[in-house]
Amino acid sequence: MKRFVHFLLLLGIWMLLTWSLHWQDLLVGAFIAFIADLMFGDIYPVNAVRILNPVRFFWFVVYGVTFLAYVIKANFDVAYRVLNINMPIRPGIVKVRTGLKTDMARTFLANSITLTPGTLSIDFIGDHLYIHWINITSDDAVKETEIIVQRFEQMLERVFE
Amino acid sequence: MNETIGLILLIVGISFDVVGCIGLVRLPDIYNRLQAATKCVTLGTCMILLSVVFYTGLNSIGVKALLCIWFVLITAPTGAHAIARAAHRSGIRLWEGSVMDKYADDKEGTEDTA
């Protein structure tokens, strides 16, 4: 069952990419989707299909809009730091804790952190996330970064956990 | 109308890409450079692809551009994470103006298991 859903997903992406319903295209697509599913089906996240649940999907949309707003803010932030003559940066690596357990949620969290203002996720060790921060403003840097993490954490928890 | 929107998106996207490239040259070490490169180049490239969608409409080219936006959004931060982690593990120091490095403090004794 799980494999069949993956197969349909891969075939759907293939059909969008080729944008044709000719039987030869479909045959090649089905073959490649089958091979890809055989090779990578095991590392595919177990409960990715759960996102089809309407409540989860709603929170995914909320997460998407918030994420987009932060991405745009991040770009102006970088532009400000790069184009400023004095280059106001105070970089360093901080360590924060996350409560998320599933791989999928953690992947999304790490990627969101990388694309939000001033932060770049470097590694996971256990429950701790190491983040390179371009402008550490105070000694209480960890607490401030935790706010950034928790912002996404709550939404991602509703989507994936 | 669609062409105007596409043109605006194209100009803004290229400006963000240019800022990302300037950051790549100006910032001091690999981690800071990655910050500029991933953030600006991701949004800039996505905007250029979106302008393609507005120019051509939702035909075979437009749908490919939309799929590429999705792939760039997923792979760019993952690639940046991989580069930063590999750089740190192979012993590249942070810029001397850096404030703290909690990762180096904790990394002792943990071997790469991935």
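Residues numbered from 1 in each chain as written. Chains lettered and ligands numbered in written order. Predicted model: local features only at pLDDT ≥ 70, side-chain atom pairs only at ≥ 80, totals over all residues. Heavy atoms only, no water.

(A) How the structure looks around the overall build of chain B. Looking only at helices and strands, one finds 4 helices and 0 strands in chain B. Each helix and strand of chain B, placed in order from N terminus to C terminus, yields the pattern α-α-α-α. Counting only residues that meet the buried cut, chain B has 38% of its 114 residues in that class. Restricting the contact set of chain B to residue pairs at least 6 apart, pairs at least 24 apart contribute 57%. (Helix = DSSP H or I, 4+ residues; strand = E, 2+ residues; numbered from the N terminus. Buried < 20%, exposed > 50% of the residue type's maximum accessible area, 1.4 Å probe, protein only. Contact = heavy atoms within 4.5 Å.)

(B) Up close: the pairing of strand E2 (residues 119-125) of chain A. Counting buried positions along E2 of chain A yields 5 of 7 residues, so the element is predominantly enclosed. From the end of E2 of chain A to the start of strand E3 (residues 128-133) of chain A, which pair antiparallel, there are 2 residues, and Gly 126 of chain A there has a positive phi angle of about 65°. (Pairing = 2+ DSSP bridges.)

(C) The sheet that holds strand E1 (residues 92-97) of chain A, seen in detail. Strand order in this open sheet of 3 strands is E1-E3-E2 (chain A), and the pairing throughout is antiparallel. Of all strands in the sheet, those with a lone pairing partner are E1 and E2 of chain A, marking the two edges. Neighbour to neighbour, the strand axes of the sheet diverge by 30° on average, direction disregarded. Most of the contacts of helix H4 (residues 103-115) of chain A go to E2 of chain A, to which it runs at about 150°, and overall it touches E2 and E3 of chain A. Docked against the sheet, helix H2 (residues 30-56) of chain B engages E2 and E3 of chain A, running at close to 115° with respect to E2 of chain A. (Axes fitted to C-alpha atoms, helices over the stretch in contact; angles between N-to-C directions.)

(D) Region of interest: the layout of surface pockets. All names here are of chain B. Considering only enclosed or pocket space, the second largest pocket measures out at about 320 Å³ in volume. The leading source of residues in the lining of the second largest pocket is H2, at 5 residues. For the lining of the second largest pocket, the residue count by class is 13 nonpolar, 1 polar and no charged. (1 Å grid on protein atoms, 1.4 Å probe; cavity = no way out; pocket = protein on both sides within 12 Å on 5 of 7 lines; lining within 4 Å. Points joined across faces, edges and corners; volume = space filled by probe spheres on them. Nonpolar A, V, L, I, M, F, W, Y, C, P; charged D, E, K, R; others polar.)

(E) The arrangement of the nonpolar core in detail. Tyr 63, Leu 109, Ile 131, Phe 152, Leu 156 and Phe 160 of chain A are the most contacted members of the largest nonpolar core, which totals 28 residues. Looking at this core, the elements that each hand over two or more residues are helix H3 (54-83), E1, H4, E3 and helix H5 (141-160) of chain A together with helix H1 (2-26) and H2 of chain B. The element contributing the most residues to this core is H5 of chain A, with 7 residues. Beyond its immediate stretch of four places on either side in the chain, Leu 109 of chain A contacts Thr 98, Leu 100, Leu 129, Val 149, Phe 152, Glu 153 and Leu 156 of chain A. (Core = buried A, V, L, I, M, F, W, Y, C linked by side-chain atoms within 4.5 Å.)

By themselves, these observations are geometric and do not establish any function.
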